[in-house]
Amino acid sequence: MDPWRTAIVSSSDGEIRVRGYDVTTLMQRGTFTDVIFLLHRGELPTPEERRLLDAILVGVADHGSGAPSCATARLAASGNRGALSAAVAAGLLAVGDEHGGAGSNCMTLIADGLARAGREGIEAGAAARRDFDEARAAGRRVPGLGHRLHTSDPRTPVLFGLARQAGRAGLGIAYMEALAEAAQTRGLTLPINIDGALAAVLHDLGFDAPFGRLIFLVGRVAGLTAEVAEELSREKAMRIKVPVQYDGVPPRDLP
Ligand SMILES: CC(C)(COP(=O)(O)OP(=O)(O)OC[C@H]1O[C@@H](n2cnc3c(N)ncnc32)[C@H](O)[C@@H]1OP(=O)(O)O)[C@@H](O)C(=O)NCCC(=O)NCCS
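Residues numbered from 1 in each chain as written. Predicted model: local features only at pLDDT ≥ 70, side-chain atom pairs only at ≥ 80, totals over all residues. Heavy atoms only, no water.

Student: For this particular structure, what's the right way to read the packing of helix H3 (residues 47-60) against helix H11 (residues 210-234)?
Tutor: Packed helix pairs are characterised by how far apart their axes lie and by the angle those axes make with each other. As a packed pair, H3 and H11 sit with axes 8 Å apart at the nearest point and diverge in direction by 65 degrees. Where H3 crosses over H11, the handedness of that crossing is right-handed. On H11, the residues that touch Leu53, Ile56, Leu57 and Val60 of H3 are Phe211, Ile215, Phe216, Val218, Gly219 and Arg220. When grouped by side-chain class, the residues that make up the contact of H3 with H11 number eight nonpolar, one polar and one charged. (Axes fitted to C-alpha atoms, helices over the stretch in contact; angles between N-to-C directions. Helix = DSSP H or I, 4+ residues; strand = E, 2+ residues; numbered from the N terminus. Left-handed = near helix turned anticlockwise from the far one by under 90°. Contact = heavy atoms within 4.5 Å. Nonpolar A, V, L, I, M, F, W, Y, C, P; charged D, E, K, R; others polar.)

Student: Help me understand helix H10 (residues 194-204) in this model?
Tutor: Residue pairs three or four apart in sequence face the same way in an α-helix, which turns once every 3.6 residues. The buried fraction of H10 is high, at ten of eleven residues. Buried residues of H10: Ile194, Asp195, Gly196, Ala197, Leu198, Ala199, Ala200, Val201, Leu202 and Asp204, and no others. Two or three places before Asp195, at the start of H10, stands the capping residue Asn193, its side-chain oxygen 3.0 Å from that residue's backbone nitrogen. Count one or two residues on from H10 and you reach Gly206, which has phi positive near 90 degrees. (Buried < 20%, exposed > 50% of the residue type's maximum accessible area, 1.4 Å probe, protein only. Polar contact = N/O pair within 3.5 Å; in protein donor to acceptor, adjacent residues only side chain to side chain.)

Student: So what exactly am I meant to see when it comes to the site of the ligand here?
Tutor: Not every one of the 16 residues close to the ligand is listed here, only the nearest: Glu98, Arg141, Val142, Gly144 and Asn193. A distance of 2.8 Å separates a nitrogen atom of the ligand from a polar backbone atom of Val142. Across the complex, the protein chains shield 64% of the 870 Å² of accessible surface that the ligand would expose by itself. Here the residues of the shell around the ligand are counted per class, giving six nonpolar, four polar and six charged. (Near = heavy atom within 4 Å. Areas by Shrake-Rupley, 256 points an atom, 1.4 Å probe, with all protein chains shown as cover.)

Student: What exactly am I supposed to notice about the pattern of salt bridges here?
Tutor: Two side chains of opposite charge can pair, provided their charged atoms sit close to one another. On inspection of all chains with the given rule, the structure shows 17 salt bridges. Note that Arg155 is salt-bridged to Asp153, the shortest N-O span being 2.9 Å. Residues Arg155 and Asp153 agree in their burial class; the two are buried. Salt bridges linked by common partners bring Arg74, Glu227, Glu230, Glu231, Arg234 and Arg239 together as one network. (Salt bridge = Lys/Arg side-chain N within 4 Å of Asp/Glu carboxyl O.)

Student: Teacher, can you tell me more about the sheet that holds strand E3 (residues 21-22) here?
Tutor: The strands that make up a sheet are held in pairs by hydrogen bonds between backbone atoms, and each pair lies either parallel or antiparallel. What the three strands build is an open sheet, ordered E1-E2-E3; its pairing is antiparallel. Two strands lie at the open edges of the sheet, namely strand E1 (9-12) and E3, each paired on one side alone. Alignment of strand E2 (residues 15-18) against E3, held across two bridges, turns out to be antiparallel. Counterpart to Val18 in the pairing with E3 is Tyr21. (Pairing = 2+ DSSP bridges.)

Student: I tried to follow the nonpolar core on my own but got confused; where do I start?
Tutor: Generally speaking, a soluble globular protein has its nonpolar side chains buried in company with each other. Counting residues in hydrophobic clusters, the biggest one holds 46 residues, and the most contacted among them are Leu159, Phe160, Met176, Val201, Leu202 and Ile215. Within the residue set of this core, elements represented by two or more residues are helix H2 (32-41), H3, helix H6 (102-120), helix H7 (124-137), helix H8 (155-165), helix H9 (171-185), H10 and H11. At eight residues, H9 tops the list of elements feeding residues into this core. Among all residues touching Leu159, those that are not within four sequence positions of it are Leu52, Ala55, Ile56, Ile194, Ala197, Leu198 and Val201. In this structure, Cys70, Ala77, Ala87 and Val228 belong to the second largest nonpolar core, which totals seven residues. (Core = buried A, V, L, I, M, F, W, Y, C linked by side-chain atoms within 4.5 Å.)

Laid out in structure tokens, this is it:
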């Protein structure tokens, strides 16, 4: 069999190197966030990049047991108490376009919107307003906007503030702010949610769209492991009883 090709990790007897760096040195002098950046980008982050990525990971780690990923993990742990990995994996499977995964689609929206703006010679804000109106006219929801609970997502100004402090706020943030403003002026209060905020910051840091979802998965695993551990240690098996109301055909007999 031909060897697999990879540029991420090399390992031989007694030595592991991540993108060329000895893992034992990274363990002593690096952070977990450094290694996530290194794994995905091939280079270590600058202090500003580390701070921003770290803030994203903190922001997505857990935002409540009722969120689809956490609730799914707990439900799986409630019914299958012998499989920690199954419960955590079940939680990850609930991440998608609507929950936790909107960052990827949002990064594509930002990149496409800005590319079109460049072609047409218009500003990021004008492009965002037009993209918002086109999405609404087509009956599409704009990824990265809206939240079931928060009328203003408290994590967004923190991320944007850190990006500005670091001198790394660019057209991605400008585009997202213009999108939210377009919604507001059209009578819809749609906050830039954490997926939209991380998408803007990651765009400005030069990441590709898939990373908008992957970084959520990396961070959310931390929360899921805690949710599952608490479910197993504090709650009894099968404790989650979902209220269900049957509204199908009334009882009937076979002919
Ligand atoms: C997160 C989300 C499901 C929350 O939805 P919600 O608060 O329950 O909103 P509602 O379904 O009550 O919608 C209220 C109105 O806002 C509109 N709306 C909600 N989110 C919208 C969005 N992202 N883009 C455009 N319009 C949106 C709805 O179409 C509806 O308008 P209408 O009354 O004219 O039909 C929703 O905002 C959404 O799908 N966002 C995009 C996906 C996303 O970013 N997910 C990550 C969440 S952290």
